[in-house]
Amino acid sequence: MAKAPAAPKFIGSPIKRREDPKLLRGLARYVDDIDLPGTLHMAIVRSSFGRAGIRSVDINALTDLPGVVAVYTAADLEGVGPVPVSGLVPDARVPVQPVLANKEVRFAGEPVAAVICETRYGAADAAALVDVDFEPKEAVVDLEKALAPGAPKVHEDYDDNVAFNWELVGGDVEKGLAEADVIVKQKIVNGRVVPLALETRGVLASYDPGEEKLTLWSSTQVPHKLRTHIADQIGMAENRVRVITPEVGGGFGSKLNIYREEALAAYISRDLGRPVKWIESRSENFLATIHGRGQMGEVEMGLMKDGTLIALRYTVLADCGAYYQYLTVAIFTLTGLMIPGPYKLPNVEMKVTGVFTNKIATDAYRGAGRPEATYVLERIMDIAAAEIGMDPAEIRRKNFPAKSEFPFATAAGLSYDSGDYAGALDKALENAGYADMRREQVEARKEGRYLGIGLSTYVEVCGMGPSAALGGQGWESARVRVEPGGKVTVFSGASPHGQGQKTSFAQLVADGLGVDINNIEVIHGDTDTVPFGVGTFGSRGTVVGGSAVVIACDKVKEKMARYAAMKLEADASDIEFAGGKVYVRSAPEKSADFAEIAGLAYSAMELPPGTDPGLEETHFFEPPNFTFPFGAHVVLAEVDPATGDVKILRYVAVDDVGNQINPLLVAGQIHGGIAQGAGQALEEEILYDTGGQLINGSLMHYSLPKAGLFPRFELDHTTTPTDVNPLGAKGVGEAGTIGSTPAVVNAVVDALSPFGVRHLDMPVRPERIWRAAAAKGEQG
Amino acid sequence: MEVSLSINGEVRSFDVEPRTLLVHLLRDHAKLTGTHVACETSICGACTVLLDGQAVKSCTVLAVQADGCEVTTIEGFAEDGKLHPIQEQFWEKHGLQCGFCTPGMILTAYQLLERNPDPSEAEIRRGIDGNICRCTGYQHIVDAIQAAAVELGKK
Ligand code: FES
Ligand code: FES
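Residues numbered from 1 in each chain as written. Chains lettered and ligands numbered in written order. Predicted model: local features only at pLDDT ≥ 70, side-chain atom pairs only at ≥ 80, totals over all residues. Heavy atoms only, no water.

Quick word on the sheet that holds strand β27 (residues 645-656) of chain A
Residue and element names in this part refer to chain A.
Right, so step 1: Taken in spatial order, the four strands of this open sheet run β18-β26-β27-β28, and their pairing is mixed. Lying at the two open borders of the sheet, with one neighbouring strand each, are β18 (450-459) and β28 (713-717). The average undirected angle you get between the axes of adjacent strands in this sheet is 15°.
Right, so step 2: In terms of strand pairing, strand β26 (residues 630-640) meets β27 through eleven bridges, oriented antiparallel. Looking at the pairing, V635 lines up with Y651 of β27. (Pairing = 2+ DSSP bridges. Helix = DSSP H or I, 4+ residues; strand = E, 2+ residues; numbered from the N terminus. Axes fitted to C-alpha atoms, helices over the stretch in contact; angles between N-to-C directions.)

Digging into the environment of A:A747
Residue and element names in this part refer to chain A.
Right, so step 1: Position of A747 relative to the elements: it lies in helix α18 (residues 735-751).
Right, so step 2: Taking relative accessible area as the criterion, A747 reaches 0% and is therefore assigned buried.
Right, so step 3: For A747 and N662, which are 85 residues apart along the polypeptide, the C-alpha to C-alpha distance reads 31 Å. (Buried < 20%, exposed > 50% of the residue type's maximum accessible area, 1.4 Å probe, protein only.)

Section: the domain arrangement of chain B
All names here are of chain B.
Right, so step 1: Looking at chain B, the domain boundaries give domain 1 (2-76) and domain 2 (85-153).
Right, so step 2: On a C-alpha basis, the centroid separation for the pair domain 1 and domain 2 is 21 Å.
Right, so step 3: Each partner contributes to the interface: domain 1 provides 18 residues, whereas domain 2 provides 14 residues.
Right, so step 4: Summing the contributions of domain 1 and of domain 2, the shared interface buries around 1200 Å²; its carbon and sulfur component is 61%.
Right, so step 5: The interface formed by domain 1 and domain 2 contains zero salt bridges.
Right, so step 6: Here domain 1 is connected to domain 2 by six residue pairs in polar contact (both at pLDDT 80 or more). (Domains from an automatic or database assignment. Contact = heavy atoms within 4.5 Å. Buried area = accessible area lost by both parts, 1.4 Å probe. Salt bridge = Lys/Arg side-chain N within 4 Å of Asp/Glu carboxyl O. Polar contact = N/O pair within 3.5 Å; in protein donor to acceptor, adjacent residues only side chain to side chain.)

Describing the pattern of salt bridges
All names here are of chain A.
Right, so step 1: Counted under the stated rule, the structure contains 69 salt bridges over all chains.
Right, so step 2: R397 is the salt-bridge partner of D426, the closest N and O atoms lying 2.0 Å from each other. Highlighted residues: D426 in helix α11 (residues 421-432) and R397 in helix α10 (residues 392-399), separated in sequence by 29 residues.
Right, so step 3: A relative accessible area of 36% places D426 in the partly exposed class.
Right, so step 4: Look at R397 and you get partly exposed, because its relative accessible area is 26%.
Right, so step 5: Salt bridges linked by common partners bring E167, E174, E300, R313, E349 and K351 together as one network.

Digging into the interface of chain A and chain B
Right, so step 1: If you look at the interface, chain A gives 53 residues, while chain B gives 50 residues.
Right, so step 2: Both sides of the chain A and chain B interface together cover about 4600 Å² of buried area, and 54% of this is carbon and sulfur.
Right, so step 3: Taken as a group, A:L24, A:Y121 and A:L198 account for 19% of the area that chain A buries against chain B, more than any other trio of residues on that side.
Right, so step 4: Our enumeration of links across chain A and chain B arrives at eight salt bridges.

Things to note about unusual backbone geometry
Right, so step 1: The omega torsion of the bond from A:F406 to A:P407 falls at -5°, within 30 degrees of zero and hence cis.
Right, so step 2: Position of A:P407 among the secondary structure elements: in the loop between α10 and β16 (408-409).
Right, so step 3: Here the residue pair A:M762 and A:P763 is connected by a cis peptide bond, since its omega of -10° sits within 30 degrees of zero.
Right, so step 4: By secondary structure assignment, the location of A:P763 is in the loop between α18 and α19 (766-776).
Right, so step 5: For A:D91, which is not a glycine, the phi torsion comes out positive at approximately 65°.
Right, so step 6: Note on placement: A:D91 falls in the loop between β3 (68-73) and β4 (104-105).
Right, so step 7: Exposure remark for A:D91: the relative accessible area of 76% places this residue in the exposed category.
Right, so step 8: In this structure, B:N8 takes a positive phi of about 50° despite not being glycine.

Re the pairing of strand β9 (residues 202-208) of chain A
Residue and element names in this part refer to chain A.
Right, so step 1: Burial of β9 is extensive: six of the seven residues sit out of reach of the surface.
Right, so step 2: Summarising the sheet, β9 and strand β12 (residues 276-279) pair through four bridges and their orientation is antiparallel. Considered in β12, the bridge of G202 is made with I279.
Right, so step 3: Two strands pair when backbone bridges link them, and β9 and strand β10 (residues 213-218) are joined in this way by six bridges, in the antiparallel orientation. Looking at β10, one finds that Y207 is bridged to L214.
Right, so step 4: Between β9 and β10, which pair antiparallel one after the other, the connecting turn spans four residues, and E212 there sits at a positive phi close to 55°.

Observations regarding the confidence of the model for chain A
Right, so step 1: On average, residues of chain A score 95 in pLDDT, and 99% of them reach the 70 mark or higher.
Right, so step 2: Below a pLDDT of 50 lies the segment residues 1-5 of chain A, which in the model reaches nine contacts outside its immediate sequence neighbourhood of four places, other chains included. (pLDDT = per-residue confidence, 0-100.)

Description of the packing of helix α9 (residues 370-388) of chain A against α18(A)
All names here are of chain A.
Right, so step 1: Running from N to C, α9 and α18 point in directions that differ by 30°, and their axes come no closer than 8 Å. Classified by the angle between their axes, α9 and α18 sit roughly parallel to one another. Regarding α9 and α18, the two cross each other, and that crossing is right-handed. Contact residues: R370, P371, T374, Y375, E378, R379 and D382 in α9; I738, T741, P742, V745, N746 and V749 in α18.
Right, so step 2: Of the residues that constitute the contact of α9 with α18, the class distribution is six nonpolar, three polar and four charged. (Parallel < 35°, antiparallel > 145°, perpendicular 65-115°, else oblique. Left-handed = near helix turned anticlockwise from the far one by under 90°. Nonpolar A, V, L, I, M, F, W, Y, C, P; charged D, E, K, R; others polar.)

Focus: the side chain of A:N662
All names here are of chain A.
Right, so step 1: In this structure, N662 sits in the loop between β27 and α17 (663-682).
Right, so step 2: Note on N662: relative accessible area 2%, which makes it buried.
Right, so step 3: Of note is the side chain of N662, whose polar atom sits 3.0 Å from the backbone nitrogen of L664.

What to know about the packing of helix α2 (residues 85-92) of chain B against helix α3 (residues 102-115) of chain B
Residues and elements named next belong to chain B.
Right, so step 1: Direction vectors running N to C along α2 and α3 enclose 125°, while the axes themselves pass 10 Å from each other. Regarding the angle of α2 to α3, the classification is oblique. As α2 packs across α3, the resulting crossing turns out to be right-handed. Contact with α2, carried on its side by I86, Q87 and F90, involves T102, M105, I106, A109, Y110 and L113 of α3 and no other residues of that element.
Right, so step 2: A per-class count over the contact of α2 with α3 returns seven nonpolar, two polar and no charged.

Looking at the domain arrangement of chain A
Residue and element names in this part refer to chain A.
Right, so step 1: Split into domains, chain A comes out as domain 1 (20-28 + 465-621), domain 2 (34-137 + 198-250 + 255-288) and domain 3 (292-462 + 626-776).
Right, so step 2: The C-alpha centroid of domain 2 is placed 38 Å from the C-alpha centroid of domain 1.
Right, so step 3: Listed as interface residues are 20 residues of domain 1 and, on the opposing side, 19 residues of domain 2.
Right, so step 4: Buried area between domain 1 and domain 2, both sides added, is near 1500 Å², and the carbon and sulfur share of it is 50%.
Right, so step 5: Three residues stand out in domain 1 for area buried against domain 2, namely H497, T527 and D528, and they jointly supply 37% of the buried area on that side.
Right, so step 6: The partner of R242 in a salt bridge is D526, with the nearest N and O atoms 2.6 Å apart.

A look at the nonpolar core
Right, so step 1: Ranked by internal contacts, the top residues of the largest apolar core, which has 172 residues, are A:F164 and B:F90.
Right, so step 2: Here this core takes ten residues from α9(A), the largest share from any one element.
Right, so step 3: Beyond its immediate stretch of four places on either side in the chain, B:F90 contacts A:L24, B:G95, B:L96, B:T102, B:M105, B:I106, B:I141, B:A144 and B:I145.
Right, so step 4: A:V480, A:I520, A:Y563 and A:F577 belong to the second-largest nonpolar core, a separate cluster that totals 46 residues. (Core = buried A, V, L, I, M, F, W, Y, C linked by side-chain atoms within 4.5 Å.)

If you want it as structure tokens, here you go:
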């Protein structure tokens, strides 16, 4: 009796996470929880100015201080390579970022010296006694002023503060604008925000002089990249460096960089022959971990009176900071690639001027360039709708490519894999009760209450990505091993930090091999153990990393089938996997368990023809294209023009992330993303003063969303699988952030439309709202 | 100076600098690293422990102030190795992602439910206002606390 192939048991189920028990008990180990004997503590002396010369660094006060072991300044670090950068565009100016500043500091918080001490408190005390004689200079803060003739320069050796110029042109925008019935324009600022992973950065470096080997525990998203670059920076062979990511308390892009402190700890540990630990303080995290966003631009869109979009131009100044971090430049180009959004826009153009400023670098923050694109586009869509008197939902629907038009080639040069944008919008409108909402809005206004409805429809580029398109390393690796006892171990090159892939990868393998999920162990984040990998960012963990797991699993399965065929005297093609056993399909009474088959494969006394011993296979999955998740978000907000207060009354989201491996984890990702995106819309913004001081660099001064800011998020989904990978999954890490920011701002602006307000820059704080409403007064 | 306190039911003594914060006593001296530090301004709540039954931010308490007190950290919250219903429900409802806020969030939830065994959603949201989670958007945390209230109510 032949058995039908087993339906997936685990894939698609809301299985609770296997990583949780230790986290719930306080037994998980983050970097700072690792305690090696003899560990020294590092504290960093930082610039207190946005821009200054360094006349001298006086460490005399430390001479007799108990516990102080060493102090390093730039002069002690000759030969240590600069901070690595990647993802550049042609002709970009690339300033060298030394691990410690030498003659000049270029942002407040820039490291000047490293103090090494026996205790953590002692290191902080000692660092405070290092006397740096700074010569303050006029700082470059504002993007427009930075480009004005005669502006002070962040880098004296360049002619001006231009970091790079980049443009993307698809179609003919000039011609498109000339043909359009209506042209709408808006200046839009997308300010800096902090990623603010709750665990700050941290590193523990331990050099073993006997083994001549360095082990680095780092709170990073990219252990292998870190290994490659640190080895290079401090002049060690890559295979003499081991990077371990212990538990990582969030990243959101901020930990996909290689930072100065990592090289410092590594170098100093080798120099002193003792472990060196550095744990970032929250104020250091504000100052010296990358910021996100940082665009200031003007968008111009041409359309016909019936709402058909013709052309879009986005001209933007990009705030790079003083030096690039790993992907600073690339992030702005991602904005360009996604500037047409989910619409048929035949003519697009994005011109970016990268600007050096006396600030920490901007770089990838959840969404990384794509939220910026969506924000600009979704704002101008609302402005256009108002201009031609069309409903915001209608103008969007009118310009979507139809489901049958996929794969859809955009004017920005991408090929969207699959989509049903109208389907997602319709569902969101239905779930929201859009027509009723509009009626409620009208009624409320009669009572002097200002309700606003905000929509956003988005598409994002995910599953990073084809290696050639990314300038290298777009693949991900996995190894699947059936152990001699029949249990299964999965090694992944991805490096999750809260996403829950120990669970979702186990789900994939449990179904793939037909074994119980509890017999599967998933290992990641140790460069000595897992195959060479890329890391977790760009919503790629499951999409690319999970695909590698599935294919590696298939390879093991095929090999196992050959051993099973030998044992059960059947044909390998007749072997089936279910219930933790292998069966002969045509004779199901003939079966063996995993341990028996693994025993054969590892003892290797007898081998199936053309088969090697062992049951372990590795796969590097190279995605043929990106994936393009999409969705529609609807927000109902109430604004009090007298106080500027905003209350989000409803938040309705329909996201399409393709096939879902674990809907519980998908929902968690979307919730978190919405909160971050809405946080930027309502509250979050980094502020520097004209001297380059970060003036809201603590949680007391920088407002982060708390639980009370939100109503319940009403989630739903449509499912449009992709054929870019064997899972049909598109990625979910960033969707919420991308959809939410414009939806919230659009709702607030809509609420203020009786006051003639058509745009407000983020965050739409009470003060901004109050000013806008008070300035214009209700216009009937 | 000498500080003596009961941690998770065990009386222990430590010789610490007077300026030592309770959170550092717990983490660095008592080697209980489940209590986390995520700010230095008493905002994030990652360091929350129970001090004589009250949820406090242990980054804002000096170790010497806890002399003679009873401290419960997340490590001591599960009884006899069995997860507390609040921990259970955080697990069930996916109330954690990176887990860094989780210990503090759970102990805050404990106090919230002690004071108000049947809180509304709005009361829960207000009750965890002193704890920041950057990963979850709070919804699953709220769900977990609600579900834990139901579970605890059955007892
Ligand atoms: S560490 Fe943030 S409140 Fe204590
Ligand atoms: S789970 Fe990461 S901060 Fe809450």
